[in-house]
Amino acid sequence: MKFSTLKDIIACCEKDQVTIGQLMLQEQIKETGKSREETFKQMADYYGIMKEAVHRGIHEPVPSKSGLTGGDAVRVHEYLSTGVPALGTDACTALAYALSVSEVNASMGRIVATPTAGSCGIIPGVFVSAQQRFGWDDDHLVMGLFSAGAIGYVIANNSFISGAEGGCQAEVGSAIGMAAGALTELRGGTPEQAVHAVGLALKNSLGLICDPVGGLVEIPCIVRNGFGAVTALAASDMALAGVRSVIPSDEVIDVMLEVGTAMPAKHRETAKGGLAQTPTGKKILKDLYGKEGKKLREKGAKGKGE
């Protein structure tokens, strides 16, 4: 890639008179040696998978394999038609869609890791709800995915996107930044505004720990995806309104690296701290693996008898 920072992205876009999405598409073609048609189609296929996951989880409860989660996307989606959400219909729709994709992931359904499975609901939640709201065609959203990809590329190479390395700020935080920047561009914002949206979003996620109950990507991961989608909308609106990230977005990414590196291991996807070690979290862990252990013992005894 001919860029390594968000500042580089702005400079490249201004020099070549292209959007972030167009820049990333060009660079991806160079990197892979594939044609424009092949490269675009691959991303379009990813977007198709995202939409499938959105619609699956809001039209039917999708229980997780553990039985701990499932059905919240349906609940929120039904609430949209029966109540008056404080967020407003559009933001609440993005919330429901993000929950849907995350629940599909927890049920071992097909999703696209954006940038990880633990944060897979945020970009689809924002993109699919925005597409319905603004009447965009799929090709427009596919270019948005290229924009999100460029932002994710910078974050991954200058900080991290793994919860095990940097906490949930690295997974959900990165996804929020990617969604916010891409949405800003999709709505006609300049590359500079998109980059400010990234910084605004990341600043609001700094320090978020990764504390999965039972070591599973369910509690609190799924609801964080819902909140993340709403945060991305807010960051995009701020940027389009002219709000700037006073601390340059690249410096915010550097801080995320600093904070994640300093974060105790128990708060980095080990399930040894945070919500995972509350009394209820411990009980869930005992109940979950106690049952699994019993199944394994019964299976083993049956095998010996045969």
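Given the structure is predicted, the values throughout are model-derived calculations rather than measurements.

Draft legend 1. Inspection of the overall build of the protein at higher detail. When helices and strands are counted, the protein shows 13 helices and zero strands. In terms of overall dimensions, the protein is globule-like: its C-alpha atoms have a radius of gyration of 20 Å, near the 19 Å expected for 306 residues. Projected onto its principal axes, the C-alpha positions of the protein cover 70 × 45 × 45 Å. Taken over 306 residues, the protein has a buried fraction of 50%. Once the 30 positive and 33 negative side-chain charges of the protein are each reduced to a mean point, those two points are 9 Å apart.

Draft legend 2. Quick peek at the packing of helix α3 (residues 36–59) against helix α7 (residues 138–158). The interhelical angle for the contact between α3 and α7, taken along N-to-C directions, is 100°, at an axis separation of 9 Å. In terms of orientation, α3 lies roughly perpendicular with respect to α7. Facing Thr39, Phe40, Met43, Ala44, Tyr47, Met50 and Lys51 of α3, the residues of α7 in contact are Asp138, Asp139, Leu141, Val142, Met143, Leu145 and Phe146. The residue inventory of the contact of α3 with α7, partitioned by class, reads ten nonpolar, one polar and three charged.

Draft legend 3. Highlighting the packing of helix α5 (residues 89–106) against helix α6 (residues 122–134). Two elements in contact, α5 and α6, have axes whose closest approach is 7 Å; the angle formed by their N-to-C orientations is 135°. Comparing the axis directions of α5 and α6 gives the class oblique. The interaxial crossing formed by α5 with α6 has right-handed handedness. Across the interface between the two elements, Asp90, Thr93, Ala94, Tyr97, Ala98 and Val101 of α5 pack against Ile122, Pro124, Gly125, Val128, Ser129, Gln132 and Arg133 of α6. In terms of residue class, the contact of α5 with α6 is built from seven nonpolar, four polar and two charged.

Draft legend 4. Representation of the environment of Ala180 within the structure. On the secondary structure map, Ala180 appears in helix α9 (residues 168–186). It is 6.9 Å that separates the C-alpha atoms of Ala180 and Ala201, two residues lying 21 residues apart in sequence. Excluding residues that lie within four positions of it along the chain, Ala180 makes contacts with Ala197, Ala201, Ala232, Ala235 and Ser236.

Draft legend 5. Expanded view of the domain arrangement of the protein. We note that the domain assignment places domain 1 (6–271) and domain 2 (276–305) within the protein. In this structure, domain 1 and domain 2 have C-alpha centres spaced 34 Å apart. Taken residue by residue, the interface counts eight residues in domain 1 and seven residues in domain 2. For the interface between domain 1 and domain 2, the tally reads zero salt bridges.

Draft legend 6. Looking closely at α3. Taking 1.5 Å of rise per residue, 24 residues should cover 34 Å, and α3 covers 35 Å from first to last C-alpha, within 8% of that figure. Residues of α3 that are buried include every one of Thr39, Phe40, Met43, Tyr47, Ile49, Met50, Ala53, Val54, Gly57 and Ile58, and no others. Packing partners of the buried residues in α3 comprise α2 (20–32), α4 (72–82), α5, α6 and α7.

Draft legend 7. Looking closely at the UniProt feature "domain: Serine dehydratase-like alpha subunit" (unreviewed entry) in the protein. Here the UniProt-annotated "domain: Serine dehydratase-like alpha subunit" (unreviewed entry) positions come out as residues 16–276. Annotation note: span residues 16–276, helix share 66%, strand share 0%, distance between end C-alpha atoms 48 Å.

Draft legend 8. Molecular detail of the nonpolar core. Counting residues in hydrophobic clusters, the biggest one holds 84 residues, and the most contacted among them are Ile9, Tyr47, Val126, Phe127 and Phe146. Beyond its immediate chain neighbours, meaning those up to four positions away, Tyr47 contacts Phe127, Val128, Gln131, Asp138, Leu141, Val142 and Leu145.

Draft legend 9. Representation of the packing of aromatic side chains within the structure. Applying the stated criterion across every chain yields a total of three aromatic pairs. Relative to Tyr153, the ring of Phe3 has its centre 5.6 Å away and its plane inclined at 80°; by these criteria the two rings are edge-to-face. Placement of the pair is Phe3 in the segment before α1 (6–16) and Tyr153 in helix α7, with a sequence separation of 150 residues. Accessibility expressed as a relative area gives 28% for Tyr153, which makes it partly exposed. Ring geometry for Phe134 and Trp136: centres 4.9 Å apart, planes at 25°, overall stacked. Residue Trp136 is classed as buried on the basis of its relative accessible area, which comes to 17%.

Draft legend 10. Expanded view of the environment of Gly189. Residue placement: Gly189 occurs in the loop between α9 and α10 (191–203). Among the residues examined, Gly189 registers a relative accessible area of 10% and is labelled buried. Taking the C-alpha atoms as reference points, Gly189 and Leu240, separated by 51 residues in sequence, lie 6.3 Å from one another. Setting aside anything within four residues of it in sequence, one finds Gly189 in contact with Thr184 and Leu240.

Criteria and thresholds
- Residues numbered from 1 in each chain as written.
- Predicted model: local features only at pLDDT ≥ 70, side-chain atom pairs only at ≥ 80, totals over all residues.
- Heavy atoms only, no water.
- Helix = DSSP H or I, 4+ residues; strand = E, 2+ residues; numbered from the N terminus.
- Rg over C-alpha atoms; globule rule 2.2 N^0.38 Å.
- Buried < 20%, exposed > 50% of the residue type's maximum accessible area, 1.4 Å probe, protein only.
- Lys, Arg positive; Asp, Glu negative; His and termini not counted.
- Charge placed at Lys NZ, Arg CZ, Asp CG, Glu CD.
- Axes fitted to C-alpha atoms, helices over the stretch in contact; angles between N-to-C directions.
- Parallel < 35°, antiparallel > 145°, perpendicular 65-115°, else oblique.
- Contact = heavy atoms within 4.5 Å.
- Nonpolar A, V, L, I, M, F, W, Y, C, P; charged D, E, K, R; others polar.
- Left-handed = near helix turned anticlockwise from the far one by under 90°.
- Domains from an automatic or database assignment.
- Salt bridge = Lys/Arg side-chain N within 4 Å of Asp/Glu carboxyl O.
- Expected span 1.5 Å × (residues − 1).
- UniProt positions renumbered as here; feature names shortened; annotations may be inferred.
- Core = buried A, V, L, I, M, F, W, Y, C linked by side-chain atoms within 4.5 Å.
- Phe/Tyr/Trp six-rings, centres within 6.5 Å; stacked < 30°, edge-to-face > 60°.

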